[in-house]
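Summary of the model geometry
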Amino acid sequence: MTVRRVVAGLAALLRKRRLDAELDSEILAHLELAQRDAVARGLSPEEARRAARLSFGGIEKMKEEHRDRRGFPWMETLLRDFSYGLAAVRRAPAFSAVVVGVLALGIGANVGMFSVVDAVLLKPLPFAAPERITGVWEAPRPGIVNATSAPDFLDWQRLATVFETLSAEQSISADLSGTGEPARLSGKEVTAGYFQVFTAHMQFGRTFTPDDGRPGAAAVIVLSHAAWQNYFAGDPDILQRRPILDGASHLVIGVLAPGAFDRDETRFWKPLIFTSDQLATRNVHWLTVYGRLRDGVTITQARERMSAIHTAMTEGAPKEDREAAIDVEPLERLLVGDGLQRSMTVAFGAVTLVLLIACANVANLLLAKGATRRRELAVRAALGAGRSRLVGQLFTESLVLCLLGGIAGVAVAALLLALARPVLADSIPFTAAVSLDFRVLAFAGAVALGVALLAGTLPALRMAFGNLAQGLNGSARGSSGAHSRMRRAIVVGEVALSLVLVSGALLLLRSLLKLQGLDTGIRIDHVITMSVDLPVGAYRTPPQAALFYQAAAGRLQAAPGVAQAGLSTTLPLEWISNGEAMQVPGVEKLVHIRFKRVDPGYFRTLGIPVLAGRGITAADIDGATRVMVINQALATRLADVAGYRDPIGKKVRVSCPGYVEKRVFLPEIEIAGVIRSERVASPGYPDPPVVYVPLAQAPTPRIKLVVRTRTEPGAEMPAIRQAIREIDASLPLGDVATMQQVRERTLSGASRPAWLIGVFAAISVLLAAIGLYGVVAHVVTQQRREIGIRMALGAGSGDVVSRVLRNALSMVAVGLAFGMAGAFALTRVIKSLLFEVSPLDPAALAIACATMTLIGLFAGLVPASRAARVDPVTTLRDEG
Amino acid sequence: MSKQQNEVPYGTLDLLILKTLETLGTLHGYAIARRIEHVSGDDMQLSQGSVYPALIRLQQEGWIATDWGISETNRKVKFYSLTEAGRKQLRVEVAKWEKATALVTRFLRATS
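Residues numbered from 1 in each chain as written. Chains lettered and ligands numbered in written order. Predicted model: local features only at pLDDT ≥ 70, side-chain atom pairs only at ≥ 80, totals over all residues.

Quick notes on the overall build of chain B
A tally of regular secondary structure across chain B gives four helices and three strands. When the helices and strands of chain B are listed from N to C terminus, the series reads α-β-α-α-β-β-α. In chain B, which comprises 112 residues, the share counted as buried stands at 32%. In chain B, 53% of the contacts between residues at least 6 apart in sequence involve partners at least 24 apart. (Helix = DSSP H or I, 4+ residues; strand = E, 2+ residues; numbered from the N terminus. Buried ≥ 20, exposed ≤ 12 C-beta atoms within 10 Å, placed from the backbone. Contact = placed C-beta atoms within 7 Å.)

If you want it as structure tokens, here you go:
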């Protein structure tokens with residue numbers, strides 16, 4: 001069929017009335033002409049009229065053919081059925097509302113979830129040729145990735161021809177002043193290649209050139225669009241502004257166009273200028289490197305090339321270094337880790353189950369509705385409607401319902417997304433823009449159609465091909481044979497699916513409770529934390545910083561409302577990203593350790609007990625004997641590798657990062673004590689070996705304050721701020737969070753799918769309850785006559801109730817059996833999301849089964865008691 | 001597609017209409033029907049009305065154009081005429097028809 005015909009056909013559908021009128025006038029003219037000619041041939045006017053009619057042929061038949069030829073007859077039928085469908089929706093508002101509501105829940109959950117999956121997993125990353133962007137890491141041991149040093153980065157840049165551009169970066173933060181409210185901004189120091197790797201579009205100005213990164217270059221920054229809006233009120237003259245960052249004036253040379261970077265925490269970028277110290281030091285790993293592969297280069301080729309470079313670079317280096325490798329990972333994999341992908345798969349699986357349950361419900365409701373329409377259909381069939389027309393009409397009616405459900409579902413999805421947005425922002429990568437865009441709407445349409453096919457086909461066929469003649473026969477009410485078997489099967493399936501969801505949700509809930517009760521090894525109540533970054537301009541030397549720590553700890557301790565205060569380089573419960581190496585005398589292999597610097601108050605504030613030796617004291621200052629405290633995990637490790645039964649007093653060498661300069665020292669340090677391990681690894685992972693060094697002996701400008709208050713921690717913040725202000729009025733406190741919040745942040749990765757699936761499980765339980773109730777109630781209505789007879793013959797109302805309940809519970813029991821089988825089959829899927837809970841946890845499965853049984857009981861009880869109140873006389877008289 | 005049993009050989013009505021319009025120029029529906037009856041003599045029984053479904057389709061394909069005019073009985077009526085595309089289509093149809101009949105003729109001769 002040509003395009004022209006399609007367009008003309010559609011136009012003909014729209015101009016139906018006019019075309020019909022035109023045809024009528026043509027026929028009239030035709031008959032007149034024929035009559036005139038016949039009269040001319042000598043016929044009487046009466047005969048002439050008859051002759052004209054005769055030679056014209058059947059008028060109505062021709063008109064019908066005319067309509068069929070000019071348009072699409074099936075489409076006219078469809079439109080007609082559609083308006084029937086809408087009329088049917090209006091005729092039964094309660095029924096339609098239930099169906100649309102059920103579908104809105106099922107479709108809404110799916111559409112919402114799809115929009116997240118689409119944004120995170122399906123859509124390409126919002127950069128040009130994103131598949132060519134990779135992270136480049138050192139891999140000191142297999143499975144471990146590490147940042148790199150400045151000279152290594154420059155070597156890579158020189159040698160790695162597989163990359164079009166390589167960029168190095170380090171995260172920084174700076175105090176912004178001179179624009180009103182002082183604020184602490186996250187930023188990045190980057191090399192000139194950064195904006196070529198991440199192809200940024202500019203609102204104004206330019207990005208960095210290699211000249212911006214040379215020593216002595218002017219201080220310049222690039223702002224994100226969000227930062228320009230929030231901190232500079234979208235000032236169009238921003239390129240003339242010189243905002244003050246950490247006390248130094250900077251020239252804004254560019255503002256990014258709105259986009260993915262606005263969802264990231266980075267607000268500004270600054271050229272990374274290597275100092276001569278940094279250029280000379282290979283053993284400090286501080287740069288994160290990303291690269292843009294040349295067109296056509298595969299990841300495998302890049303990996304091969306980088307390992308060749310590594311071999312060349314480490315020739316003659318110690319064995320330890322030669323064993324290391326360079327790893328190249330696609331950006332996509334770095335952004336979406338295995339954990340996120342797994343959670344999303346499970347969550348999407350859960351919403352699919354919800355949708356299936358909704359489908360089952362709708363199919364059931366349609367079947368129930370169909371049972372009451374058998375008479376109507378039988379009459380229509382008797383009047384000559386073909387089976388295919390009946391199926392078509394019934395199907396179109398369910399399609400109307402599904403489309404309405406789909407529209408309502410999109411509204412539900414919008415609501416769900418609005419509610420989930422704050423949580424979502426934390427758990428998905430900044431590159432993912434979640435929105436109800438065209439793709440998502442198309443998905444919603446497809447789901448609505450799919451539901452119509454799944455839930456509408458069976459009832460339509462069932463009704464149209466059932467024994468229609470029986471429908472006319474009033475006595476056919478009552479037992480309904482195959483019809484009710486199918487509905488029972490659907491309910492059984494529904495119960496099974498719900499059981500899978502509910503048990504899954506319970507497993508995740510138990511896992512969540514386990515996490516809540518997880519022994520973190522520290523006291524977290526009444527503890528508030530915050531960060532302080534000492535500006536290096538004002539605190540030039542380590543002793544100056546050490547003096548500040550001592551003063552800060554002292555002031556805080558003295559502040560009213562503060563019980564204890566401590567300082568450390570990383571917050572408790574947070575992963576210690578600083579990894580160092582320990583040289584134990586007589587042991588060839590290095591011991592890899594995590595490195596944390598704390599002040600004397602730290603262990604006390606968090607209630608971490610000292611198991612052997614001593615903690616860190618005020619006497620451990622610069623110039624005194626270098627000491628360290630180790631955790632239990634390290635003590636065990638040292639016992640293994642060096643045979644230290646009692647590590648106290650033993651002297652080992654540990655690589656220590658410098659104050660600001662990117663350099664490490666390898667001092668000899670005495671082990672002064674062993675503490676009970678505090679949790680720093682994710683739940684489910686063993687504690688790593690940790691070395692605690694006195695902050696005063698190895699100062700650093702970036703520090704965290706941990707304060708235990710006597711009352712509500714938030715209420716003491718003014719006093720805490722005042723205490724710090726008394727030492728240095730220009731220091732802002734950043735990242736204020738209670739320890740409870742820190743704990744939730746670090747453990748929440750595991751808890752998120754739990755509440756999500758909990759919501760879906762609740763929806764599915766609700767749907768299953770509706771489905772069960774619908775079927776049982778319907779069966780009871782159908783059997784009113786039978787129940788009436790039984791009661792007339794002397795059956796008590798108790799008998800009737802128990803019969804109905806038995807009926808309901810038998811369906812539930814079969815459903816539970818299938819559901820258990822399903823749950824067993826899915827153990828592997830959910831296992832990875834559980835923490836210290838078996839996927840076949842008997843308690844969870846038992847509670848899930850009990851829940852479903854209770855629902856079955858309630859769903860049966862209402863119709864059952866109604867049945868028992870039936871007056872036999874009324875039912876037996878009722879012929880309707 | 002058509003439920004009607006045409007007395008006209010199947011699929012040829014379009015061809016007959018196009019040829020009629022090519023020969024006689026602009027005509028209304030009655031005149032087209034009469035002309036086809038006239039040319040085919042009494043060999044073919046045509047329900048005159050069946051030209052109208054054919055006409056609307058040819059019009060939708062863009063092979064014929066319509067114009068309103070006044071009939072001999074002073075009534076407003078549609079007049080049909082061949083378009084350039086219609087002229088081309090007629091040539092195609094004629095060629096097709098000739099090819100088909102030639103084939104059938106050859107076939108009948110070969111078996112007889």
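Some points on the overall build of chain A
Within chain A one finds 29 helices and 24 strands. Scaling as 2.2 N^0.38, a compact globule of 880 residues should have a C-alpha radius of gyration of about 29 Å, whereas chain A reaches 38 Å, well beyond that. In terms of overall dimensions, chain A has a C-alpha envelope of 130 × 85 × 55 Å along the principal axes. Looking at chain A residue by residue over its 880 residues, the buried ones come to 41%. Considering only contacts within chain A whose residues lie at least 6 apart along the sequence, 84% involve residues at least 24 apart. (Rg over C-alpha atoms; globule rule 2.2 N^0.38 Å.)

Regarding the sheet that holds strand β2 (residues 64-70) of chain B
Read from one edge to the other, the open sheet built from three strands follows the order β1-β3-β2 (chain B), with strand pairing classed as antiparallel. With partners counted over all chains shown, the strands left at the sheet margins are β1 (27-28) and β2 of chain B, one partner each. (Pairing = 2+ DSSP bridges.)

A word on the pairing of strand β9 (residues 268-271) of chain A
Residue and element names in this part refer to chain A. Neither face of β9 is open: one carries F268 and K270, the other W269 and P271, and all of them are buried. In this sheet, β9 lies alongside strand β3 (residues 183-190) in parallel orientation, the contact comprising four bridges. The partner of K188 across the bridge, within β9, is W269. Direction of pairing for strand β5 (residues 220-223) relative to β9: antiparallel, over a ladder of two bridges. Bridging from a neighbouring strand, L223 pairs with F268 of β9.

Here's the deal with unusual backbone geometry
Here D246(A), not a glycine, exhibits a phi torsion of approximately 50°, which is positive. Inspection of the secondary structure assignment puts D246(A) in the loop between β6 (244-245) and β7 (248-249). Overall, the presence of 18 C-beta atoms within 10 Å leaves D246(A) in the partly exposed class. In the Ramachandran plot, N74(B) falls in the positive-phi region, its phi being about 60° despite a non-glycine side chain. Structurally, N74(B) is set in the loop between β2 and β3 (76-82).

Things to note about the interface of chain B and chain A
Taken together, the contact between chain B and chain A spans 23 residues of the former and 22 residues of the latter. Mapped by element, the contributors of at least two residues to the side of chain B that touches chain A are α2 (29-39), α3 (51-61) and β3 of chain B. When residues in the side of chain B that touches chain A are grouped by element, the largest group, six residues, is from α3(B).

Describing the packing of helix α2 (residues 16-40) of chain A against helix α3 (residues 45-56) of chain A
Residue and element names in this part refer to chain A. At a minimum axis distance of 8 Å, the contact between α2 and α3 shows a crossing angle of 130°. By the angle class used here, α2 and α3 are oblique. At the point where α2 passes α3, the crossing takes the right-handed sense. Residues H30, L31, A34, Q35, A38 and V39 of α2 form the contact with α3, whose own contacting residues are P45, A48, R49, A51, A52, R53, S55 and F56. Counted by class, the contact of α2 with α3 contains nine nonpolar, three polar and two charged residues. (Axes fitted to C-alpha atoms, helices over the stretch in contact; angles between N-to-C directions. Parallel < 35°, antiparallel > 145°, perpendicular 65-115°, else oblique. Left-handed = near helix turned anticlockwise from the far one by under 90°. Nonpolar A, V, L, I, M, F, W, Y, C, P; charged D, E, K, R; others polar.)

A closer look at the confidence of the model for chain A
In the predicted model, chain A carries a mean pLDDT of 84, and the fraction of residues at 70 or more is 94%. Predicted confidence for residues 474-480 of chain A stays below pLDDT 50, and this span has eleven contacts to residues more than four positions away or in other chains. (pLDDT = per-residue confidence, 0-100.)

A look at the domain arrangement of chain A
Assigned domains within chain A: domain 1 (3-71), domain 2 (141-323), domain 3 (339-517 + 746-877) and domain 4 (536-729). Relative to domain 4 of chain A, the C-alpha centre of domain 1 of chain A lies at a distance of 99 Å. (Domains from an automatic or database assignment.)

What to know about the pairing of β3(A)
Of the pairings in the sheet, the one linking strand β2 (residues 163-177) of chain A to β3(A) comprises eight bridges and is antiparallel in character. From the neighbouring strand, S173(A) faces β3(A), where its bridge partner is S186(A).

Things to note about the environment of G819(A)
Residue and element names in this part refer to chain A. Along the chain, G819 turns up in helix α26 (residues 797-825). Here the alpha-carbon distance between G819 and F232, two residues 587 residues apart in the chain, equals 58 Å. Setting aside residues up to four positions removed in sequence, G819 forms contacts with V495, A496, L499 and V500.

So, the packing of helix α6 (residues 93-122) of chain A against helix α16 (residues 387-427) of chain A
Residues and elements named next belong to chain A. Packing of α6 against α16 brings their axes to within 6 Å, and their N-to-C directions diverge by 45°. Classed by the angle they form, the pair α6 and α16 counts as oblique. Once α6 is placed against α16, the crossing between them reads as right-handed. Taken together, the residues of the contact of α6 with α16 break down into 19 nonpolar, seven polar and no charged.

Some details on helix α4 (residues 59-70) of chain A
Taking 1.5 Å per residue, twelve residues should reach 16 Å; α4(A) reaches 16 Å between its end C-alpha atoms and fits that length. Among the residues of α4(A), M62(A), E65(A), H66(A), R69(A) and R70(A) are the ones counted as buried. Take α4(A) and look down its axis: the buried residues cluster within an arc of 120°, on one side only. Elements that come into contact with the buried residues of α4(A) comprise α1 (3-14) and α2 of chain A together with α3 of chain B. (Expected span 1.5 Å × (residues − 1). Arc of directions from axis to C-beta.)

Considerations on the environment of V804(A)
Residue and element names in this part refer to chain A. With respect to the helices and strands, the residue V804 is situated in helix α26. Since 25 C-beta atoms lie within 10 Å of it, V804 is described here as buried. A sequence separation of 582 residues divides V804 from V222, and the C-alpha atoms of the two residues are 73 Å apart. In contact with V804, other than residues within four places in its own chain, are V776, V780, G860, P863, A864 and A867.

Notes on the confidence of the model for chain B
Averaged over every residue, the pLDDT of chain B is 83; residues scoring 70 or more account for 86%. Long-range and interchain partners of residues 1-6 of chain B, a stretch whose pLDDT sits below 50, account for seven contacts in this model, where long-range means more than four residues apart.

Section: α3(B)
With nine of eleven residues buried, α3(B) is to be regarded as a mostly interior element. Where α3(B) terminates, the next one or two residues include G62(B), which has phi positive at roughly 85°.

Section: the environment of D646(A)
Residue and element names in this part refer to chain A. With respect to the helices and strands, D646 occurs in the loop between α22 (632-642) and β18 (651-654). By C-beta crowding, D646 is classed as exposed, having 12 other C-beta atoms within 10 Å. Sequence separation between D646 and G384 is 262 residues; the distance between their C-alpha atoms is 98 Å.

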